[in-house]
Amino acid sequence: MESIFTVKRAASAISGEMINCDGCEDKLISAVSTDTRTISDGAVFFALKGENSDGHRYVKAAMEAGAVCCVVDDMTNVPDGLAVIKVESTNRALLDLAGAYRREMKIPVVAITGSVGKTSTRGMIASVLSQKYKTLATEGNFNNEIGVPHTLFRLNKSHEIAVIEMGMNHFGELSRITAAARPETAVITNVGEAHIENLGSREGILRAKLEILEGLPHDGTVILCGDNDMLWSVNGQLDFETLYFGTENTKCDLVAENIKTYADGSEFTFKYEENEYKVNISIPGAHHIYNALAAVLVGVKYNVPMKEIITGIREFVPDGMRQKAVKMGDYTVIMDCYNANPTSMRSGLEVLSLSNDGERKVACLGDMMELGTISPDAHRGVGRAVYDYGTDCLVTVGERARLIAEGAKEAGMNPENIHSFDTVEQLCDKLYDILRPGDVMLLKASRSMRLERIAEFMENK
């Protein structure tokens, strides 16, 4: 974070009341923290409230660690005499200060949201833009009302462009996040069924995703997947330059052709301004073609030469626990443990199906959360997809995932090749009774299932 805000200016930006700030109101803020373990001298500490924690209990510790002041919305547990800025909501104040800081950084921001694929799309777009610009991009899963501010505070005057991922699961979240980030380009990867429990319907999900446009200037650009029925339904209805990409809808502005998929990647061609270009993607899964198309349109908008756009796509590799293949002794594990919904489950199964011939393909799938009333049908549908993709063995973890097993059986999968467990611990006890040397195993479930523990168990073995 650039030291451009004094305590007094920060208090004004978040509509806060300074208490006991005599002597520090003109001090420069050098960092913003929501965790006392990351406090440094000159930092301002935001006492956030969560479901299971309350940062107000750590205000004194933050000051002792070197914080210049703390932002609070409840004085009950704040010791007398500490320098604080009192606000109505610390969570909202964090966004407000991030927004004020972002406005000092006169660079374009590209925002990414969608039911699935936003993280890999963000990564591919950042890889493309990095070919020409000093680019800041969201790291990890910092895509919510707390994570996005942390990303914005990482901006400094050396950056030339930023790529910000924005997640949500309730109405209003994207409105608040986009107001802080103020993007000039918004990319929506798709509208699926993730968080339908909170948003009511796919129409509700579309409405929530379109909140991202509220932060755009009047001359902003919107980039959408034209193969997605919900996103195509707003064609011609948005008050911004709107560009579509796709693989099936030939009416899109950019269309992938001559698609070929392999065990270790894919390739396709596209036409732009009467020229044809070939793209190679270095990671498996046809869904990454959508990511690449979005990256092409963003790259073109920001005048990245086409040759460098193609290089950026080829050089992209996913991070963390997202479709990352890891060799573990006699086995290969495809780590995709960060999140899950019906669409991303099918993408994972597709990647598994593209594994080299001769290897047994094992799908280890867990519960999908926040699907509301469609949850039973959605899980059974994934089970049918397990069979359709030619999976050799299915392992399920969790109560909901037992319906995946039922769906696979109903589709025609041999019951002898289906194994269901209530917990990861139960599965690990039987794991090596199920696996065979040479197996390729996909780990895929909603984040709360923490299926990466299976890989950790295998590593320790």
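Above this text is the structure in question.
Read on for an overview of the structure. (Residues numbered from 1 in each chain as written. Predicted model: local features only at pLDDT ≥ 70, side-chain atom pairs only at ≥ 80, totals over all residues. Heavy atoms only, no water.)

## Quick notes on the pairing of strand β10 (residues 161-165)
Of all five residues making up β10, five are buried, and the element is well covered by its neighbours. Both faces of β10 are covered, namely the face carrying I161, V163 and E165 and the face carrying A162 and I164. Both strand β8 (residues 109-113) and β10 contribute to a ladder of four bridges, which runs parallel. If you follow I112 over to β10, its bridge partner there is E165. As for the winding sense of the linkage, the β-α-β connection from strand β9 (residues 135-137) through helix α5 (residues 147-153) to β10 is right-handed. (Buried < 20%, exposed > 50% of the residue type's maximum accessible area, 1.4 Å probe, protein only. Helix = DSSP H or I, 4+ residues; strand = E, 2+ residues; numbered from the N terminus. Pairing = 2+ DSSP bridges. Right-handed = clockwise from strand over helix to strand, strands pointing away.)

## Examining the nonpolar core
The tendency in soluble globular proteins is for nonpolar side chains to be buried as a group. Core analysis: the biggest nonpolar cluster contains 99 residues, and F46, L129, F268, I281 and I313 have the highest contact counts within it. No other element matches helix α10 (residues 288-301), which puts eight residues into this core. Of all hydrophobic cores here, the second largest spans 25 residues; its members include C337, V395, F421 and M441. (Core = buried A, V, L, I, M, F, W, Y, C linked by side-chain atoms within 4.5 Å.)

## A look at the sheet that holds strand β16 (residues 265-272)
Across the sheet, which stays open at both edges, the three strands sit in the order β15-β16-β17 with antiparallel pairing between neighbours. Two strands bound the open sheet, and with one partner strand each, they are β15 (257-262) and β17 (275-281). Between one strand axis and the next, the sheet turns through 15 degrees on average, direction left out of account. With seven bridges connecting them, β16 and β17 associate as antiparallel partners. Paired with K271 across the strands is E276, a residue of β17. Along the sheet, α10 makes contact with β15, β16 and β17, crossing β16 at roughly 40 degrees. (Axes fitted to C-alpha atoms, helices over the stretch in contact; angles between N-to-C directions. Contact = heavy atoms within 4.5 Å.)

## Observations concerning the packing of aromatic side chains
By the definition in use, this model includes eight aromatic pairs. Measuring from centroid to centroid gives 5.8 Å for Y331 and Y432, while their planes differ by 50 degrees, and the two rings are tilted. Here Y331 is found in strand β19 (residues 331-336), whereas its partner Y432 is found in helix α15 (residues 424-434), with 101 residues between them in sequence. For Y331, a relative accessible area of 12% gives the class buried. For Y432, a relative accessible area of 33% corresponds to the partly exposed category. Through pairs of rings, three or more aromatic residues link up here, namely F5, Y101 and F153. Looking at R9, its charged tip hangs above the ring of F5, at a distance of 4.2 Å from the centre. (Phe/Tyr/Trp six-rings, centres within 6.5 Å; stacked < 30°, edge-to-face > 60°. Lys NZ or Arg CZ within 6 Å of the ring centre and 35° of its normal.)

## Considering the pattern of salt bridges
This structure, assessed with the given rule, holds 20 salt bridges. The salt bridge involving E139 is made with R154; its shortest N-O contact spans 3.3 Å. Placement of E139 in the loop between β9 and α5 and of R154 in the loop between α5 and β10 is noted, with a sequence separation of 15 residues between them. The exposure class assigned to R154 is partly exposed, which follows from its relative accessible area of 31%. Its salt-bridge partner being R453, residue E425 comes within 3.0 Å of it at the nearest N-O pair. In this pair, E425 sits in helix α15 while R453 sits in helix α16 (residues 452-460), placing the two residues 28 residues apart along the sequence. Given a relative accessible area of 23%, R453 falls into the partly exposed group. In this structure, a network of salt bridges that share partners links the residues K49, D73 and D74. (Salt bridge = Lys/Arg side-chain N within 4 Å of Asp/Glu carboxyl O.)

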